[in-house]
Amino acid sequence: MDSISQRDGRFLWHPYTQHRLAAPFTSITRAKGSYLFDESGTPLLDAISSWWTTLHGHGHPYIAQKIHEQALNLEHVIFAGFTHEPAVNLAGRLLPLLPGDMSRLFFSDNGSTAVEVALKMAIQFHQNQGRPNRKKILALQHAYHGDTFGAMSVSERGLFTQPFNGHLFPVEFVDIPTEENESWKLPSLPWEEIACIIYEPVVQGAGGMRMYHLPSLEKLLTQCKDQGILLIADEVMTGFGRTGTLFASEQIQVLPDIVCMSKGLTGGTLPMALTACREFIYEAFLQEDRLKTFFHGHSFTANPIGCAAALASLDLLQDAACQEQIRLIVTCHRQKVEQWKSEGRFLQPRSAGTILALEVEDKENNYLNTRKEAIMQMALKKGVLLRPLGNTVYCMPPYSTNQEELDLIYRVMEMI
């Protein structure tokens, strides 16, 4: 019988992959805890949480049991004109935990769609309020918010967007706020035409794990808020404990008006996304005029099984044992960064919560850098899954990762 990889090669098209040049795919047959297992049973330590999604480790029995129970009861129902207990319970549990005074949740499918919802929500908010001129969007250089057209429009114009740049709507981009560069203060921005600013709080993910100078970010957000501009925090990657706090926005004095969530929402088990907003935004759509309805939806909006997984993941996340595991990873990352700095081992070793990153070359980051492939293959041979972002090598392990497993990740990174 043909192997999984051989059959894959005849039928499938993988993301972010040039199949003409790609190395043979590793076939994963099962996963447990912090490990993936290939066809031969060889374990691979998942140091990137399978694209930043897996919070509690793979195959967690508690989440699996809750998914099973929900699937036997109600697997799906249209969410226009209908509702169900898992969605209501998830909203009741999650809203009080969000940064700011969020009061409403809008369901979608993934991080890109959560961003699309937020952008449309912000633009139509101003339109419903009689401010149709407020339709421009402010975004940060090096940002990545997803691969749908709206999400691409507010992301860095570059490799990922190049074939489509002529189809993207114009956006006002400003430099990432740092102590050295606060050029966003320039008064040339058309403040009265800007509907919202979208930003990844604390750290930019796909842009190279760039970590902000938070006081500078707060100054930018304060200036936006003073101008009546809505603040959209893209917490798709940073949410659910990744930066050391439940949500990264908790580390910023200026709180968002809209929050986007996905990835770790269901503990990495099922695709689901949420866009949360404050009550005044929802009220702008609450009118007798049907034309002011928010006309947006997805076939699997508020899928009950996904909601059950998210509730189970929240149970685990709020448990003392999980919080202790997060503190362990945060502490170990900080210690390793200090060690690497003192040894002068790497360029820009840094951490933000459970995220650890460094640069392997002292030049502009290049996602197509062929060295990243060599690093990934070397790590796989050592039993660790790493997937560099161009020159940026990082780890973002599941919270199930213990001290011994962290040490293995660090040793492999030191082999670079």
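Chemist: What should I look at first to understand the pairing of strand β11 (residues 258-261) in this one?
Modeler: The side chains of a regular strand alternate between both faces of the sheet. Residues I258 and C260 line one face of β11 and the alternating positions V259 and M261 line the opposite face, and both faces are buried. Sheet analysis places strand β10 (residues 230-234) next to β11, joined by 3 bridges and oriented parallel. For D234, the partnering residue across the bridge sits in β11 and is C260. With 4 bridges connecting them, β11 and strand β12 (residues 273-278) associate as antiparallel partners. Directly across from V259, in β12, lies its bridge partner A276.

Chemist: Just to check I follow, could you spell out the nonpolar core for this structure?
Modeler: As a rule of thumb, soluble globular proteins bury nonpolar side chains together. In terms of nonpolar packing, the biggest core is built from 51 residues, with L94, L98, L105, M261, L386 and M413 touching the most fellow members. The element contributing the most residues to this core is helix α10 (residues 320-343), with 7 residues. Apart from residues no more than four positions distant in its own chain, L105 is found in contact with A91, L94, L95, L98, M261, L274, T275 and A276. One finds I48, M209, L214 and L217 within the second-largest nonpolar core, a separate group that totals 39 residues.

Chemist: Sorry if this is basic, but what is going on with the pairing of strand β7 (residues 194-199) here?
Modeler: Buried residues dominate β7, accounting for 6 of its 6 residues. In this sheet, β7 lies alongside strand β5 (residues 136-140) in parallel orientation, the contact comprising 4 bridges. Its bridge partner lying in β7, L138 is registered against I197. As defined by bridge partners, β7 adjoins β10 across 4 bridges and the pair is classed as parallel. Note on β10: the bridge partner recorded for Y199 is A233.

Chemist: Looking at this structure, I do not really get the packing of helix α3 (residues 61-73) against helix α9 (residues 304-317). What am I missing?
Modeler: When two helices pack together, their arrangement is given by the angle between their axes and by how far apart the axes lie. Relative to each other, α3 and α9 sit at 150°, their axes nearing to 8 Å. In terms of axis orientation, α3 runs roughly antiparallel to α9. In this structure, the crossing between α3 and α9 has a hand that is right-handed. Counted together, Y62, I63, K66, I67, Q70 and A71 of α3 and P304, I305, A308, A309, A312, S313, D315 and L316 of α9 form the full contact between these two elements. Broken down by class, the residue content of the contact of α3 with α9 amounts to 10 nonpolar, 2 polar and 2 charged.

Chemist: For this particular structure, what's the right way to read the side chain of S155?
Modeler: As for its placement among the helices and strands, S155 is situated in the loop between α6 (149-153) and β6 (172-174). Here S155 is in contact with A143, Y144, H145, G146 and F173, once residues within four sequence places are set aside.

Chemist: Is there a simple way to think about the sheet that holds strand β16 (residues 392-395) in this case?
Modeler: Sheet strands pair by backbone hydrogen bonding; their relative direction is either parallel or antiparallel. In spatial order, the strands read β13-β14-β16; together these 3 strands make up an open sheet with antiparallel pairing. Two strands lie at the open edges of the sheet, namely β13 (347-352) and β16, each paired on one side alone. Within this sheet the neighbouring strands show an average axis-to-axis angle of 15°, counted without direction. Sheet topology note: the strand β14 (residues 355-359)/β16 ladder contains 4 bridges and is antiparallel. Paired with L358 across the strands is V393, a residue of β16.

Cut-offs used in this document
Each chain has its residues counted from 1, following the order in which its sequence is written. Residue-level local features of this predicted model are given only where pLDDT is at least 70; pairs of side-chain atoms are given and counted only at 80 or more, and the full residue set underlies all totals for whole chains, interfaces and linings. Side-chain calculation: all heavy atoms of the structure are included, whereas hydrogens and water are not. Each residue's exposure class comes from its accessible area (1.4 Å probe, protein chains only) as a fraction of the maximum for that residue type: buried when under 20%, exposed when over 50%, partly exposed otherwise. The helix and strand labels rest on DSSP assignments: H or I over at least four residues marks a helix, E over at least two residues marks a strand, and numbering proceeds from the N terminus. Only strands that DSSP links by at least two bridges are regarded as paired with each other. For the purposes of this section, nonpolar cores are sets of buried Ala, Val, Leu, Ile, Met, Phe, Trp, Tyr and Cys residues that join through side-chain atoms within 4.5 Å. The contact criterion used is simple: two residues touch if any of their non-hydrogen atoms lie within 4.5 Å. Lines fitted to the C-alpha atoms define the axes, with helices restricted to the stretch that makes contact. Angles between their N-to-C directions range from 0 to 180 degrees. An angle below 35 degrees is treated as roughly parallel, one above 145 as roughly antiparallel, one from 65 to 115 as roughly perpendicular, and anything else as oblique. Rotating anticlockwise by less than a right angle from the far helix to the near helix defines a left-handed crossing, while the corresponding clockwise rotation defines a right-handed one. All residues other than Ala, Val, Leu, Ile, Met, Phe, Trp, Tyr, Cys, Pro, Asp, Glu, Lys and Arg, Gly among them, are scored as polar; the first ten of these are nonpolar and the last four charged.

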